[in-house]
Every structure is written in structure tokens, then in C-alpha cells.
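If you want the building blocks of each chain, they are given just below.
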Amino acid sequence: MGKICLIIFAIFFFSELNAQKKESAILSAEQLQQIRAKATELHRDLDRVTPGKEAGPPSDAIVLFDGSSLDEWQKPFFEYSGSMAEYHERLPLLKGGPYVTRPADWKLENGALVVVPGTGHLVTKELFGDVQLHIEWLTPKDATKRGQDYSNSGLFFMGLYEIQILNSFDNETYSNGQAGAIYKQYIPLVNATKPPGNWQVYDIIFSAPKFSESGEILNPARITVLHNGVLIQNNVSLLGPTCYIGQSYYVKHPEKLPILLQDHGNPVRFRNIWARKL
Ligand code: MG
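The rules we used
- Residues numbered from 1 in each chain as written.
- Predicted model: local features only at pLDDT ≥ 70, side-chain atom pairs only at ≥ 80, totals over all residues.
- Heavy atoms only, no water.
- Helix = DSSP H or I, 4+ residues; strand = E, 2+ residues; numbered from the N terminus.
- Buried < 20%, exposed > 50% of the residue type's maximum accessible area, 1.4 Å probe, protein only.
- Contact = heavy atoms within 4.5 Å.
- Areas by Shrake-Rupley, 256 points an atom, 1.4 Å probe, with all protein chains shown as cover.
- Phe/Tyr/Trp six-rings, centres within 6.5 Å; stacked < 30°, edge-to-face > 60°.
- Lys NZ or Arg CZ within 6 Å of the ring centre and 35° of its normal.
- Donors = N, O, S within 2.8 Å, 3.2 Å for Na, K, Ca; no water.
- Pairing = 2+ DSSP bridges.
- Patch = residues over 30% accessible without salt bridge, like charges linked within 9 Å, V, L, I, M, F, W, Y side chains within 5 Å.
- Salt bridge = Lys/Arg side-chain N within 4 Å of Asp/Glu carboxyl O.

(A) Highlighting the overall build of the protein chain. Regarding its fold elements, the protein chain presents 3 helices and 15 strands. Counting every position in the protein chain, which comprises 278 residues, the buried fraction comes to 43%. In the protein chain, the share of contacts with a sequence separation of at least 24, taken over all contacts with a separation of at least 6, comes to 70%. Carbon and sulfur atoms provide 55% of the accessible area of the protein chain, an area that totals close to 15600 Å².

See the structure below:
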């Protein structure tokens, strides 16, 4: 039996070798090179996206604020506070939406969305997991303010993971709390801040964290941030939700949650906000 197998194998092997010899005799070295190169080419029909004009939203974006209304925003369904104790208490109660609350109550002024200090945060009605976000913001000039009180706001993905908004042009504070910091987790790579009173831009890629059924973290949240076109956070892995005091760690939450804008007691302004779900 073994001999028969060996003979069949030998016939197959030599006929294959012969075929290859014939092929290489027919094809030139250049043609063979082309065949090899093509073998690793991938072809796919990608969705077409028309780039926006003058930083306007691209064709497939969800426009969250275009200067005309606060319709895409509402009050949060719980007040995010940056405390691990409260995350433990509140996140397990979230059932994935929809969450209908009260209308947004910040000011609409000259095409800008303006924080009304003391009214509380705003969240998007739409829920997001992985997302690309564009937002423009302005910290007003105010010589009476200092540190974390000088035009503080924040952009929280899933209402939990904050990229700091602050005047960081001429204002001392801790580095992991300045503009562009992943608050208390990652210092920005550089300071790309413009002087207060100028419109500034964040373009952000956010990847939502992934959890197992039992609540273990499988993939941490990741963030890339361009500030005024400059890379300041390069695909960093977050430790958990934003904490003001103590160490952060993950607590399981729904796969999609709203984007939150923070009321930190200062009249920070926003305009031209759009998102692309990824
Ligand atoms: Mg803040």
C-alpha cells in the first residue's frame, strides 16, 4: 500500500514540476512579477463621501449643531459627576435607551451654542459608540479667571470619557487637566491652543470600550485627537471613565451612549458640530 502511495505522489509531484517549468518557459520574468504583485491586491467598492466645504460636514455626517437650533440636544438622564462610586451605582441601571429627557436649555447666540452656567450639562439625543467627531469651541477672554476656572468645559464621549476644553494659552494648570488632555489620564503631546477669544477645532476619533457578558473589559476605549489640525492624542488607551478624584477603572455600560458637553460654570461657546458613526 505504502509503495502505491509513493508512486502516485511521485507522478503528481513531477507532473506539477513539469507544468511549472512549462509556465515559466512561456511567461517572462516581468509577467511573473506582475502576477505575484496582483495576488496581494485587494479590490473593494468603498462608499463615496464628498468632503465638506470650508470645514463643513461631509455628506454622511450627522449634524449635531449647525447654528440654527438645539434640536439635537437635551438634558442628561443622569448628571455625570466623575466619581467611581456614582458610576458603580448608575451605569448598571442604563438599559441602552432611548432616553428622553428635558429640552436643552443653553443659549443660542449668533449661530453659537453657549453654556449657561449653572444649568447643567447637555447630551446628544443620538447615541454613539465608535465615532468621528468635529467640534469648534471658543473660550472667552476673561482676565479675572485662573486655572481650571478659566473657560472650563469638556467633551465627554458616552458621557464618560472627557477631552478637556479650557483656555490653555496663557493659563497655568496641571498638564493632565489642560486643553486637549484626556482628563487626569493623558497629557496632550503638544499645546496647539489659540489665544482665548478665537475659534478652535477638535477632530476626534473615538473607539468605544468592549465588554464581555460578565462585565470584564475586552478592549479599552481609545482616542485620537487633532487640535487645530495638530495631533495631540495618538490612539491612547483609556484607563476607564473620567475621574476627578482617585483611580479610574472600567464599569460595564451600554454599547452606545450620548456625547456630552460639560457645564463647568463658564460661558464657553460651540459651533459646527458633526459626527460620523464608525
Ligand atoms: Mg472640563
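(B) Up close: the packing of aromatic side chains. Within the structure shown, the criterion is met by 8 aromatic pairs. Between Trp106 and Phe270, the ring centres sit 6.4 Å apart and the planes meet at 20°, which makes this aromatic pair stacked. Of the two residues, Trp106 is situated in the loop between helix H3 (84–90) and strand E3 (107–109) and Phe270 in strand E15 (residues 269–277); the sequence distance between them amounts to 164 residues. A ring pair is formed by Phe157 and Phe206, whose centres lie 4.8 Å apart and whose planes are at 10°; its orientation type is stacked. Of the two residues, Phe157 sits in strand E7 (residues 153–157) while Phe206 sits in strand E9 (residues 200–207), which places them 49 residues apart along the sequence. Take Phe157: its relative accessible area is 1%, and that puts it in the buried class. Here a set of aromatic residues connected by ring pairs shows up, and it is made of Phe157, Tyr161, Phe206, Phe211 and Tyr250. Cation over ring: Lys277 sits above Phe128, and NZ or CZ is 5.4 Å from the ring centre.

(C) Summary view of the coordination of the magnesium ion. Distances from the magnesium ion to its protein donors, namely Asn152 (OD1), Ser153 (O), Glu162 (OE), Gln164 (OE1) and Gln262 (OE1), fall within the range 2.3 to 2.4 Å. Sequence spacing of the donors to the magnesium ion: N-S-x8-E-x1-Q-x97-Q. The same class applies to Ser153 and to Glu162, which are both buried.

(D) Structural context of the sheet that holds strand E8 (residues 161–165). The strand order E2-E5-E14-E7-E8 describes an open sheet built from 5 strands, whose pairing is antiparallel. Edge positions in the sheet fall to strand E2 (73–74) and E8, since each has one partner strand and no second.

(E) Spatial organisation of the pairing of E7. Extensive coverage of E7 is indicated by the burial of 5 of its 5 residues. The side-chain alternation of E7 yields two buried faces, one formed by Ser153, Leu155 and Phe157 and the other by Gly154 and Phe156. As defined by bridge partners, E7 adjoins E8 across 5 bridges and the pair is classed as antiparallel. Bridged to Leu155 within E8 is Ile163. Linkage of E7 to E8, two consecutive antiparallel strands, is achieved through a turn of 3 residues, within which Met158 is found at a positive phi near 60°. Where E7 lies against strand E14 (residues 260–261), 2 bridges are found, and the strand directions are antiparallel. Its bridge partner lying in E14, Phe156 is registered against Leu260.

(F) Focus on a nonpolar patch on the surface. Among the surface-exposed residues, Leu189, Val190, Leu226, Val230 and Leu231 lie close enough to one another that they form a single nonpolar patch of about 370 Å² accessible area. For Val190, a relative accessible area of 41% corresponds to the partly exposed category.

(G) A look at the environment of Pro98. Inspection of the secondary structure assignment puts Pro98 in the loop between H3 and E3. In the structure, Pro98 is positioned 28 residues away from Glu126 in sequence and 8.6 Å away in space, judged by C-alpha atoms.

(H) Highlighting the pattern of salt bridges. One pass over the structure, following the stated rule, counts 10 salt bridges. With a closest N to O distance of 3.7 Å, Lys38 and Glu41 form a salt bridge. Its salt-bridge partner being Glu109, residue Lys107 comes within 3.3 Å of it at the nearest N-O pair. Lys107 sits in the partly exposed class, given a relative accessible area of 41%. We classify Glu109 as partly exposed; its relative accessible area is 27%.

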